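Chain and residue survey
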Amino acid sequence: MKVVKLEDVIGTDMDVDGGNWVSRRLILKKDGMGYSVHDTVIKAGTETHIWYQNHLESVYCIEGEGEVETLSDNKIWPIKKDELYALDKNDEHLLRAKTDMRMVCVFNPPITGREVHDENGVYQIVDDEE
Ligand code: 9YT
């Protein structure tokens, strides 16, 4: 087994600044678990357009509060500490952070760590065999 410590990830290339968020990648595709796990902080006062067309994501809020707006139905989903949302339909959404929101994010399929959000808030599938 392995143990991953957040303190060992911070400041490395597994610590990614996305502008509205920072994401510390704890488990990635290379770890062979079939999913990736990220400790992400969404910055207070930000709104982020996200549409993971190629990934399913569960997001467990462990600190802070904000809301998700799903764009297919313009429904507002308030989210706070101890609540999880699951993008089980690859839901296009806006994520608004009222305070800093610390999230544990799980992606299926796992991300490699080299993806960036494109203009549509999508992570493309990265072929890491290249
Ligand atoms: C909650 C969310 O999806 N935030 C965007 C960053 C993403 N979770 C990541 O790469 O960790």
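See the structure printed just above.
To keep things clear, this report deals only with the structure shown in the data block. (Residues numbered from 1 in each chain as written. Predicted model: local features only at pLDDT ≥ 70, side-chain atom pairs only at ≥ 80, totals over all residues. Heavy atoms only, no water.)

Right, let's get into the pattern of salt bridges. According to the stated counting rule, one finds 13 salt bridges in the structure shown. With a shortest N-O distance of 4.0 Å, Glu65 and Lys98 are connected by a salt bridge. Highlighted residues: Glu65 in strand β6 (residues 65-70) and Lys98 in the loop between β9 (93-97) and β10 (101-108), separated in sequence by 33 residues. With a relative accessible area of 62%, Lys98 lands in the exposed category. Close ionic contact of Glu83 with Lys80 constitutes a salt bridge, the shortest N to O distance being 2.8 Å. Assessed through its relative accessible area of 27%, Glu83 is described here as partly exposed. With relative accessibility at 45%, the residue Lys80 sits in the partly exposed group. Via salt bridges that share partners, Arg24, Asp39, Glu63 and Arg102 belong to a single interconnected network. (Salt bridge = Lys/Arg side-chain N within 4 Å of Asp/Glu carboxyl O. Helix = DSSP H or I, 4+ residues; strand = E, 2+ residues; numbered from the N terminus. Buried < 20%, exposed > 50% of the residue type's maximum accessible area, 1.4 Å probe, protein only.)

With that settled, consider the sheet that holds β9. Spatial strand order, β4-β9-β6-β7: four strands in an open sheet with antiparallel pairing. Strand pairing shows two members of the sheet lacking a second neighbour, β4 (47-50) and β7 (75-80), which therefore form its edges. The average undirected angle you get between the axes of adjacent strands in this sheet is 20 degrees. (Pairing = 2+ DSSP bridges. Axes fitted to C-alpha atoms, helices over the stretch in contact; angles between N-to-C directions.)

Here β10 shows a clear split, with Met101, Met103, Cys105 and Phe107 buried on one side and none of Arg102, Val104, Val106 and Asn108 buried on the other. Of the pairings in the sheet, the one linking strand β3 (residues 36-42) to β10 comprises seven bridges and is antiparallel in character. Paired with Val41 across the bridge in β10 is Arg102.

Turning to unusual backbone geometry, a few remarks are in order. Cis rather than trans, the peptide bond between Asn108 and Pro109 has omega equal to -5 degrees. Counting through the fold element by element, Pro109 comes out in the segment after β10. Phi at Asn74 takes a positive value of approximately 55 degrees, unusual for a residue other than glycine. Tracing the backbone through its elements, the reader meets Asn74 in the loop between β6 and β7. With a phi close to 50 degrees, Asn90 is a non-glycine residue in the positive phi region. Within the fold, Asn90 resides in the loop between β8 (83-87) and β9.

Turning our attention to the state of the cysteines. According to the stated counting rule, one finds zero disulfides in the structure shown. Of all cysteine sulfurs in the structure, the one in Cys105 sits closest to Cys61, which takes part in no disulfide; the separation is 9.9 Å. (Disulfide = S-S within 2.5 Å.)

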